[in-house]
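Examination of the molecular architecture
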Amino acid sequence: MGWQIIWTVLKKELLDLFRDRKAWIGTFLVPLVIIPFVFFLLGNSYSNVEKEAREYVPLAIHGSSPLIDMLAKNPGVRLIESADPEQALQAGQLRAIITIPERFDEEIKAGNTAKLLVAFDSTNTKSVYARDLIKQTVEAYSKEIVAKRLQQAGMSEAAIQPIAADFQNVATEERKSGGMLAGFIPLMLVVSLASGGIAAANDLVAGEKERGTMESLLTAPIAANHILTAKLVAVMMMSMLSAIASLISVSLVFSMGPLGGGDNAAFSFAFLSPATLLVLIVVILLMAATFAGLELMLSTIAKSFKEGQTYMSAVIFLAMVPSYMLMPQSPVDIAEHYYVLPVFNGVALCKEVFYGKVDPLHALLGIGSSLVYVAITIAFASRLFRREGAGLKN
Amino acid sequence: MIEVKGASKQFGTVTAVRDLTFRVEEGEVYGLLGENGAGKTTTMRMMATILTPTTGDIEISGFSVREQPLEVRRRIGILFGGEVGLYSRLTARENIAYFGNLYGLTSSRVQERIDNLSRMLDMETFIDRRVGAFSRGMKQKVAIARTLVHDPDVILLDEPTTGLDVTAATIFRRMVTRLQEEGKTILFSSHNMGEISKLCKRIALMHKGKLRFSGDLAALRKQYGTDDLDDIFMAVVEGGEL
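Keep in mind the model is a prediction, meaning the values are calculated, not measured.

The rules behind these values
- Residues numbered from 1 in each chain as written.
- Chains lettered and ligands numbered in written order.
- Predicted model: local features only at pLDDT ≥ 70, side-chain atom pairs only at ≥ 80, totals over all residues.
- Helix = DSSP H or I, 4+ residues; strand = E, 2+ residues; numbered from the N terminus.
- Rg over C-alpha atoms; globule rule 2.2 N^0.38 Å.
- Buried ≥ 20, exposed ≤ 12 C-beta atoms within 10 Å, placed from the backbone.
- Contact = placed C-beta atoms within 7 Å.
- Expected span 1.5 Å × (residues − 1).
- Nonpolar A, V, L, I, M, F, W, Y, C, P; charged D, E, K, R; others polar.
- UniProt positions renumbered as here; feature names shortened; annotations may be inferred.
- Pairing = 2+ DSSP bridges.
- Axes fitted to C-alpha atoms, helices over the stretch in contact; angles between N-to-C directions.

1. Some words on the overall build of chain A
Looking only at helices and strands, chain A has 14 helices and four strands in total. A compact globule built from 394 residues should have a C-alpha radius of gyration of about 21 Å, whereas chain A, at 31 Å, is more than 25% larger. In terms of overall dimensions, chain A has C-alpha extents of about 100 × 50 × 30 Å along its principal axes. When burial is assessed residue by residue, chain A has 38% of its 394 residues classed as buried. Of the contacts formed within chain A by residues at least 6 apart in sequence, a portion of 76% connects residues at least 24 apart.

What follows is the structure, encoded as structure tokens:
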């Protein structure tokens, strides 16, 4: 009988929510619209700046040297005459000013160090790109000179390079791809889990109270806990829908968007194994249950829909703080105690999943402690919900 | 049958209902009269087991609201005035069926009840439309159908005609008479003495949480020697003579 009642209430809640535009916006706006939009915008502006910096590099040169010919061979470099080069550099019309002192080439020929003066603007990304280009060209030119000098002295290049270090990256392609996601996805996932259920939770208790439907519902011969269970499942479903939409959205953005080009071309979910996928699903479920319980608790306390909305912002805050705190950390650096702190444990485990290696002890600690938090949250929500008069508007 | 036995309800330091005792016989339409804030809704909520009496008890068809709340809920149907409490994104049929299912009715029984109630309340033209855009009168009909879907023995009507126009209120009163003919026990609360007198022979009169009178309306008229119900009401609540 209990399951039948829960199923009846759940079916009605889902039908009601699917017809509620507010709930849909709350669940899918962030993952399906805001994430791709921010990423495309960021990615586009980043790649546009880079493209412009590479395609057109206007430089002003004082003096002359074969170095200039070498510099001019770089694609995009334009040597420009300017009446007031410093002003032009400040205004962004020039990317750098190179001043070659007199006797520059003579000093080099004499075997001395010749000084070169390069003025650039560190606050202008394009000017910084020009500086790097000049630096690379100067290094290449210096290398040629060094080679000639060594030859004249009867020495090989090995004489000035006794050690050749070869750095090898041990991170697999999967881990590189997962590592990039491990920073960002837990944040998106946790925030969508928290935000996805808010509209539903607020509507299903505070909204029902305000509209007077809760009072009618409480006169039916059913246990308050059955009503709450159905509402909890409905809110969890909206949370998880939002989280899944976030995952899909982020992976699409990474594989197709402007940020997905170049090094990220090999992006895939290959770092997910059946075991880590299972951990991810359990973590998502437990976090959805914790947030749903918390949101229903706040919705029960709230006297009106508006009051509920105000309380709900605390849930977003609770989701964001751990996500931001752990975002820059690699899973190997995350201290053990984070695996038992609420929300932190979910974020930390998500990071491990996306790095492709979940420590069994961490999984046990994280999942075990999450179960405790879910039990506490739901027990509180149930107690509040069963309190006399909790379903009444006034 | 409804039997209120010394029921009181306290909210913190405020006593909303104080030592209330009256009895509604089976098949009777009984009036619960009082101004706004007199304690009528609190009394109804105690009968519906939404609130528990601080002291005393109420029995509905022999079941105690304290000891057997689920048995009580199975036997009552409650309709609130003002806010009719419907799901605006669901159709009228979906609203009624939801409650039918919660009362444990089979699907075929729910549909049968909806068809009957829809005919009785003249809702056939809008039964499959979402209630969000309905007029106050249309919503009230859906709420009545929802209250009656499980065919309750005892019907609690809390200011049911609030916000209804004259025609809708008249149709509503006719429905109450018809339900009485079917043998239902009905408690009808109102702040309007005139409305109560059209439906009820016996009434309970509440003022500031206390029972000021319970019994026969005709006897009350005789006692105060006037037919002007508003004057009688004022005299009773002020505790004086006319």
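Alright, that's what it looks like, and here's the rest.
2. Concerning the overall build of chain B
If you tally the helices and strands in chain B, you get nine helices and 10 strands. In terms of C-alpha radius of gyration, chain B reaches 18 Å, essentially the compact-globule figure of 18 Å for 242 residues. Summarising its shape, the C-alpha atoms of chain B cover approximately 55 × 40 × 30 Å along the three principal directions. Looking at chain B alone, contacts between residues at least 24 apart form 66% of all its contacts between residues at least 6 apart.

3. Observations regarding helix α6 (residues 166-181) of chain B
End to end, α6(B) covers 23 Å across 16 residues, agreeing with the expected 22 Å (1.5 Å per residue, within 8%). Of the surrounding elements, those touching the buried residues of α6(B) are β3 (29-33), β7 (154-158), β8 (185-190) and α7 (193-199) of chain B.

4. Points about the interface of chain A and chain B
On the side of chain B, 21 residues touch chain A, which itself brings 20 residues to the contact. Looking at the side of chain A that touches chain B, the elements with two or more residues in it are α1 (2-18) and α9 (213-218) of chain A. If you tally residues by element for the side of chain A that touches chain B, the top one is α1(A), at five residues. The class makeup of the residues in the side of chain A that touches chain B is seven nonpolar, six polar and seven charged.

5. Description of the UniProt feature "transmembrane region" (unreviewed entry) in chain A
All names here are of chain A. In the numbering used here, UniProt assigns the feature "transmembrane region" (unreviewed entry) to residues 23-42, 232-254, 266-289, 309-326 and 361-385. A distance of 28 Å separates the end C-alpha atoms of residues 23-42, which is 100% helix and 0% strand. Between the first and last C-alpha atoms of residues 309-326 the distance is 27 Å; the span itself is 100% helix and 0% strand.

6. Focus: the sheet that holds strand β2 (residues 77-79) of chain A
Residues and elements named next belong to chain A. If you trace the four strands from one edge of the open sheet to the other, you get β2-β1-β3-β4, paired in mixed fashion. A single partner strand is all that each edge strand has here, and the edge strands are β2 and β4 (117-120). Here the strands of the sheet are splayed against their neighbours by 25 degrees on average, with no regard to which way each runs. With four bridges joining them, strand β3 (residues 96-99) and β4 adopt antiparallel strand pairing. Residue pairing across strands places I98 opposite V118, the latter belonging to β4. Along the sheet, helix α6 (residues 125-152) makes contact with β1 (57-62), β3 and β4, crossing β4 at roughly 160 degrees.

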